[in-house]
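Observations on chain architecture
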2 protein chains.
Amino acid sequence: MNVVSTVDPRDGRQRDTDLTETDESRLEAIADQAYRATQWLSDLGRLGRAGMLDAIAASLESHRAALIAAAEAETGLTHARLDQELTRAALQFRLFGDVLRDGAYVEAAIDHAAETPLGPGPDLRRMLVPLGPVAVFGASNFPFAFSVAGGDTAAALAAGCPTVLKAHPSHPLTSHASAEAIASAIRELGGPDGVTGTVYGEQAGRLLVRHPAMRAVALTGSVGAARAIQAAIDERPDPIPLYAELSSVNPIVVLPGASADRGDQIAEGLYASFTGSGGQLCTKPGLAFVPSDPGGAHLVDALRDRVAASGGAVVLNERIRDAYENGARAFERAGAHVSARPTVDPGAGFTVAPTLLEVDLPGLTAEIADECFGPLLVVVRYDDVADLDAVLATVAPSLTGSIHHGPGDDAAVVRRMVDVLAARSGRIVFDGYPTGVRVSWAQHHGGLWPSTNSVHTSVGATSIRRFLRPLAWQNAPEWILPEELRDGYTAIARRVDGRLEPAAT
Amino acid sequence: MNVVSTVDPRDGRQRDTDLTETDESRLEAIADQAYRATQWLSDLGRLGRAGMLDAIAASLESHRAALIAAAEAETGLTHARLDQELTRAALQFRLFGDVLRDGAYVEAAIDHAAETPLGPGPDLRRMLVPLGPVAVFGASNFPFAFSVAGGDTAAALAAGCPTVLKAHPSHPLTSHASAEAIASAIRELGGPDGVTGTVYGEQAGRLLVRHPAMRAVALTGSVGAARAIQAAIDERPDPIPLYAELSSVNPIVVLPGASADRGDQIAEGLYASFTGSGGQLCTKPGLAFVPSDPGGAHLVDALRDRVAASGGAVVLNERIRDAYENGARAFERAGAHVSARPTVDPGAGFTVAPTLLEVDLPGLTAEIADECFGPLLVVVRYDDVADLDAVLATVAPSLTGSIHHGPGDDAAVVRRMVDVLAARSGRIVFDGYPTGVRVSWAQHHGGLWPSTNSVHTSVGATSIRRFLRPLAWQNAPEWILPEELRDGYTAIARRVDGRLEPAAT
C-alpha cells in the first residue's frame, strides 16, 4: 500500500503520513457504505438533516485550532485566511440547514385531478428527491471551503446524498482531520459510516467515478482534471452528471470615469484582489482593462508601486509554482511586458513574486487572455472604450466580469459593457472585485465553459439543486406520499394547481 | 442539393417533396439568424413572450386541418389521435405562457448588503436568464407535441432561447407546415426570421450541434441518436448540455390484491396502453408483472383475448417496423413465448401485429426486459411477490413505474415496491397506466439513464429550467437591473434576504 505524503510549501519539506492510498477493495467498501447510507439520510428527513448540518458546523468549529494548524502546514495560507475559511465552511453547512428548514428547495407541486383540454387529468404530485451518492473532488486552494468540509459536501448531504470525497494531494492531513470532524458529528447522531467517506490517490479517484453507486460528480479544479473525470464517466454504461468549476480569467473593466474619479482606490482594491491568498482563487482578476488617459496612467502607477513594494507569496505546491512561472513567461513571450515584479527570495519552499504585466489593447492575444493561477495581473491599456466590446467578446467565459464606472461615463456605454460581460459570465460585479464570494441565497458561482460545464452554481443556497432529481407520483394514495406532498401540509411553499402557496407562518 | 422525400407508412409509397436537405452555408445562415434573434426575444420580456406563445398556439389551431392531413399521410397515426396531439401541442405553448406570467420560474433572489460572519456582504441579486439558441431534435412518434411545435420548442422559446429544429425524416412536410404556422405567428408580432428555424438532413443535424451559436441540445429519440449527438458535442471546444429523453421499458407491477379485485379492468387498461398509437410511445408499458394465481390467470386470459381479436397497427416507418419485428423475435429466442398475436395483412405499408408475450419470472432476462418500440407487451408471471424487488432492481431505469394494488395487499409490500420503482423511475403511477402524460405544473417526464441523461423533465412547466442559467448582479445600480430584480417589484414571487415573498395579488 502506498503511503500518502505531505509537503509543507513554506519550506518544501516532504514527510510521510499515517494515511495510505485507497486501494480497490477499500474503495469498494467505501462506495458500498455510501450506497447503504442513503436510506439513513432519507429517513432523517429535512429537519433531521438540517440538524445534522448544524452539528457538523459546530464540530468543525470545535476542532478549529487543530484544523487550521494542519492546513497552515500543508498549504502555506495564512492563519487569518484559514480562520476565515473555516468560518466560511461552517457557514455553508448552516446555510443549507436554513435551506432545508425553509423547504421550498424540494419544489413541491401538486396538480389535483381535473378536466383538461385533453380529457380527465390524473392527480400529479412532484418534488425533488436525492440523486444518490456523490463523488466530490476537493480543490487545492480551499482546504476547508471547497474540500472535505466544503460546499459540495454540504450541498450533497443537505440534498440527502452521501458523499465520497477524493482528497486533494496537497492537503491529506487537513482532509483527514476534516473528515474526522464531520464523521464524529454524524456518529453522535447515530449515523452509519457511509454518510461521508474519503479516499486518497489518483487511482481511487478514477475508480470512484466509475463506481456504479455514484450518481453525480462534483469537482473544483482544472480543465485537465475535468477532462480526465469526464473520460472516466464515459467509461460507465450510464452517464452521470459532472458539475465542474474550472478556470476563470475574471476580466475587470475600468471605464475612464471610474479611474478619473477614484484611481487610487481602484489600484488598492485591484492589488488586494489579485494578490490575496497568493492569487490562488478562481475569482482572481486576471485581466484589468484600464484607459490610456491620465486617470488610467495614475491608476496603473499606483498599482505598480504597490506590486513593486510587495513581498513573495507562498503558493500551494510545486506544480502551481511551476505553472505560475511558466504562465508568466508565456505571457511575456506573447508580448506583455513586466510593469512591476519585486525581487523575492525563493527560499526552500514554493515562493513566487507577484507580477504586474502590461499590454496595449491591440497586443492582447488569446494566450495572454488566459488564466494564470497565482498573483499575476495583466493590465490592458485601451485608448477608446468603443474598442472594448469586440475584445471582451473574445475573452473566454468567466465566473465573473467586473465593471467600474464613474460620474463621467455614459450610461449607454455602461449598459453595453454589462451586456457583453453578462453573455460570458455568471456574476457581474459593479465597482468592486470578484474575489470574496458571499455565501448566501442569491449567490451564483458558475459560468459558461471553461469556467464551469453546467448551468448551476457551486456556491450558495441553490447549489443543492445539482444533487436532486424530480420524482412524480400519479394518483398515489395519501399514505404513500412524502408529507411534503400531502394535502393540507403547509410547512413549506408549494405550487398547488399552478398557484404558488407560501408556507404558513 | 438533395431533395427530401416523404413516405406514407399506410401504403409504403415514397414521393419527393419541395424541400431540400440543408447544406452547410444555409445552416450557417440559420444558426446566425438564431443567434441574432436572441436579443429580440429578450427585449420582448416575459409578458411579451407569453403573448407570443399564445399567438403560436392560436396559429397552430388555425392550421389544424392542414397540419393533421399532412401528419396523417406521413405517420399513419389516426385522425383522432393527431387531433388530440395538436390540442396538446397548443396546450404546451399556453402552459408556458402561464409559466411566464407567473414569473417564479426566473427564481429571482435578492440578498441585500448585510453584515455576515465573514464581514460585510455585498448586495447580490440573481435570476435565471436564457442560455441562448437551442438545437432541438424532433421525435418520430409525436409529429406535433415532440417535434417542430413540440414541448422543447415551447420551453426554449418561453425561456427566451431561439430554436433551430432538426426535422425528423419521417415527417418533413408536417415539420415544414408546423414551422410555417409558428413563423407566421412570430412574423405578425414583428419578430425576425431567426426566432425559430428548421433544418433537414443528417449532416445538417451534426453541423448544427457543432455550431458555436448553439448553447444546448434537446432530443427525444433513441439511445443511439443520443450517443451520436454526444459525439458531435464532444467535437466542440466548449461542451454544451444535451437534454435527451430516450428509451424506457415502463414496468407495471400488478399485485395479487389488484388482479383478484379487478382483473378484467386491468386487462382492458393494459391493452389500451400498450397498443395505443401502435405502441409507439416512450411511456408504453413493456413489462407487466402479473401473479401466477387464479386472479392473475384471469387477467392474462382477458388480455390475451383482446390481443388475439385485435387488428394490425400501422407504424411510423420501415425502420421502426423492422426493429419491432426483430425485437419481438429476439424476445422469443430469449425464452418469452407468444401468448397472443393476431394474423394481420402486412399490406404494402408498415403494418405490424400487436404481440403479447409471456415468460415466468425466473425466465426474465435482461434481453427480454428491454424496450421494443411498438405494440408489444411482455407479461411476467410471478409466484411470490417477495421475489419482485430483486428483479425490479435489475430492470433498466424507466420514465415510469406503475403499481396496481388492491384491498388484499399488504401496505408494507406496496411501500417496498414503490421504493424499488422510485429508485429507478421518474414517475410512479398508482392503479393506472403510464401512457397519457398530463401537461401540467407537477408533471415529471424524465428518469435515470437510459430513459434520460438529465435530472430534468422534458414535459410540463419545469422543463423550461433546462434552457436557463443563473446570472448574478453584485452591487448593481438600480437602473441596470432587470425589473424582476429591482426593489419593490412585486409582480412575481421572489426570495428576498432568504425569505420567499409571494407575488402581490
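Residues numbered from 1 in each chain as written. Chains lettered and ligands numbered in written order. Predicted model: local features only at pLDDT ≥ 70, side-chain atom pairs only at ≥ 80, totals over all residues. Heavy atoms only, no water.

**With respect to the overall build of chain A**
Tallying secondary structure elements over chain A gives twelve helices and 23 strands in all. Along the first, second and third principal axes, the C-alpha set of chain A runs to 75 × 60 × 40 Å. Summarising the internal contacts of chain A: among those between residues at least 6 apart in sequence, 75% fall at separations of at least 24. When the accessible surface of chain A is split by element, carbon and sulfur atoms take 51% of a total near 17,600 Å². Side chains of chain A carry 43 positive and 61 negative charges; the gap between the two charge centres is 3 Å. (Helix = DSSP H or I, 4+ residues; strand = E, 2+ residues; numbered from the N terminus. Contact = heavy atoms within 4.5 Å. Areas by Shrake-Rupley, 256 points an atom, 1.4 Å probe, with all protein chains shown as cover. Lys, Arg positive; Asp, Glu negative; His and termini not counted. Charge placed at Lys NZ, Arg CZ, Asp CG, Glu CD.)

**Some words on the pattern of salt bridges**
Scanning the model with the defined rule gives 60 salt bridges over all chains in all. With a shortest N-O distance of 2.8 Å, Asp102(A) and Arg495(B) are connected by a salt bridge. Of this pair, Asp102(A) sits in helix α3 (residues 79–102) while Arg495(B) sits in strand β22 (residues 494–496), on two different chains. With its nearest N and O atoms 4.0 Å apart, the salt bridge here joins Arg321(B) to Glu318(B). With Arg321(B) and Glu318(B) both in helix α10 (residues 318–333) and three residues apart, the pair spans about one turn of that helix. Within the structure, one salt-bridge network assembled from shared partners comprises Glu61(A), Arg64(A), Asp83(A) and Arg94(A). (Salt bridge = Lys/Arg side-chain N within 4 Å of Asp/Glu carboxyl O.)

**A word on the UniProt feature "domain: Aldehyde dehydrogenase" (unreviewed entry) in chain A**
Taking the numbering used here, the UniProt-annotated feature "domain: Aldehyde dehydrogenase" (unreviewed entry) corresponds to residues 17–404 of chain A. Taken end to end, residues 17–404 of chain A is 46% helix and 20% strand, and its first and last C-alpha atoms sit 48 Å apart. (UniProt positions renumbered as here; feature names shortened; annotations may be inferred.)

**Remarks on the relation of the copies chain B and chain A**
Its rotation angle being 180°, the transformation that places chain B on chain A also includes 0.0 Å of axial translation and leaves an RMSD of 0.0 Å. Each copy turns onto its partner about a two-fold axis. When C-alpha positions in chain B are compared against the rotation axis, the closest is assigned to Pro502(B), at 3.2 Å. When the interface residues of chain B are mapped onto chain A, 100% of them again fall at the interface, so both copies present the same face. (Least-squares fit on C-alpha atoms with pLDDT ≥ 70 in both.)

**Things to note about helix α3 (residues 79–102) of chain B**
Over its 24 residues, α3(B) runs 34 Å from end to end, which matches the ideal 34 Å to within 8%, given 1.5 Å per residue. Two residues or fewer after α3(B) comes Gly103(B), characterised by a positive phi angle close to 80°. (Expected span 1.5 Å × (residues − 1).)

**Observations regarding helix α2 (residues 64–75) of chain B**
All names here are of chain B. With twelve residues, α2 ought to run about 16 Å at 1.5 Å a step, and its terminal C-alpha atoms sit 16 Å apart, in line with that. Within α2 the residues assigned to the buried category are Leu-67, Ile-68, Ala-70, Ala-71, Glu-74 and Thr-75. Along the long axis of α2, the arc covered by the buried residues comes to 160°, so they all point the same way. In α2, the exposed residues that point more than 90 degrees away from the buried face are Ala-65 and Ala-66. Buried residues in α2 make contact with β1 (3–8), α1 (24–62), α3 and α5 (172–188). Positive phi shows up at Gly-76, right after α2, with a value of about 75°. (Buried < 20%, exposed > 50% of the residue type's maximum accessible area, 1.4 Å probe, protein only. Arc of directions from axis to C-beta.)

**Thoughts on unusual backbone geometry**
Residue and element names in this part refer to chain A. Cis rather than trans, the peptide bond between Trp-449 and Pro-450 has omega equal to 5°. Along the chain, Pro-450 falls in the loop between β20 (425–430) and β21 (468–474). Positive phi, close to 50°, is recorded for Asp-497, a residue that is not glycine. Of note, Asp-497 is situated in the loop between β22 (494–496) and β23 (499–501). With a relative accessible area of 45%, Asp-497 lands in the partly exposed category.

**Considerations on the sheet that holds strand β21 (residues 468–474) of chain B**
Across the sheet, which stays open at both edges, the twelve strands sit in the order β15(A)-β17(A)-β18(A)-β13(A)-β12(A)-β19(A)-β20(A)-β21(B)-β6(B)-β3(B)-β22(B)-β23(B) with mixed pairing between neighbours. Either end of the sheet is taken by a strand with one partner, and the two such strands are β15 (337–340) of chain A together with β23 (499–501) of chain B. Each neighbouring strand pair of the sheet contributes to a mean axis angle of 25°, computed without reference to strand direction. Where β15(A) lies against strand β17 (residues 355–360) of chain A, three bridges are found, and the strand directions are antiparallel. Note that in β17(A) the partner of Ala340(A) across the bridge is Leu356(A). (Pairing = 2+ DSSP bridges. Axes fitted to C-alpha atoms, helices over the stretch in contact; angles between N-to-C directions.)

**Quick notes on the packing of aromatic side chains**
All names here are of chain A. Scanning all chains against the criterion turns up six aromatic pairs over all chains. Pairing Tyr-243 with Phe-467 gives two aromatic rings, centres 5.8 Å apart and planes at 90°, and the pair type is edge-to-face. One end of the pair, Tyr-243, is in strand β11 (residues 242–245); the other, Phe-467, is in the loop between β20 and β21, with 224 residues separating them in the sequence. A single burial state applies to Tyr-243 and to Phe-467, both of which are buried. (Phe/Tyr/Trp six-rings, centres within 6.5 Å; stacked < 30°, edge-to-face > 60°.)

**Thoughts on the sheet that holds β11(A)**
Residues and elements named next belong to chain A. The five strands lie next to each other as β9-β8-β7-β10-β11, forming an open sheet whose pairing is parallel. Two strands in the sheet have a free side with no partner beyond their single neighbour: β9 (196–199) and β11. Each adjacent strand pair in this sheet contributes to an overall mean axis angle of 15°, direction not counted. Where strand β8 (residues 163–166) and β9 come together, four bridges link them in parallel fashion. Note that in β9 the partner of Leu-165 across the bridge is Thr-198.

**Notes on the interface of chain B and chain A**
Each partner contributes to the interface: chain B provides 70 residues, whereas chain A provides 70 residues. Note on chain B versus chain A: buried area summed over both sides is about 6,200 Å², and carbon and sulfur give 61% of it. Looking at the side of chain B facing chain A, the largest losses of area belong to Leu118(B), Arg438(B) and Val455(B), adding up to 12% of the total buried there. Counting across the chain B and chain A interface gives two salt bridges. Counting across the chain B and chain A interface gives 36 residue pairs in polar contact (both at pLDDT 80 or more). Where the side of chain B that touches chain A is concerned, the elements lending two or more residues are α3, β3 (109–111), β4 (114–116), β6 (124–130), α12 (411–422), β20 (425–430) and β21 of chain B. For the side of chain B that touches chain A, the element with the highest residue contribution is β21(B), accounting for seven residues. Among the residues making up the side of chain B that touches chain A, the classes are represented as 40 nonpolar, 16 polar and 14 charged. (Buried area = accessible area lost by both parts, 1.4 Å probe. Polar contact = N/O pair within 3.5 Å; in protein donor to acceptor, adjacent residues only side chain to side chain. Nonpolar A, V, L, I, M, F, W, Y, C, P; charged D, E, K, R; others polar.)

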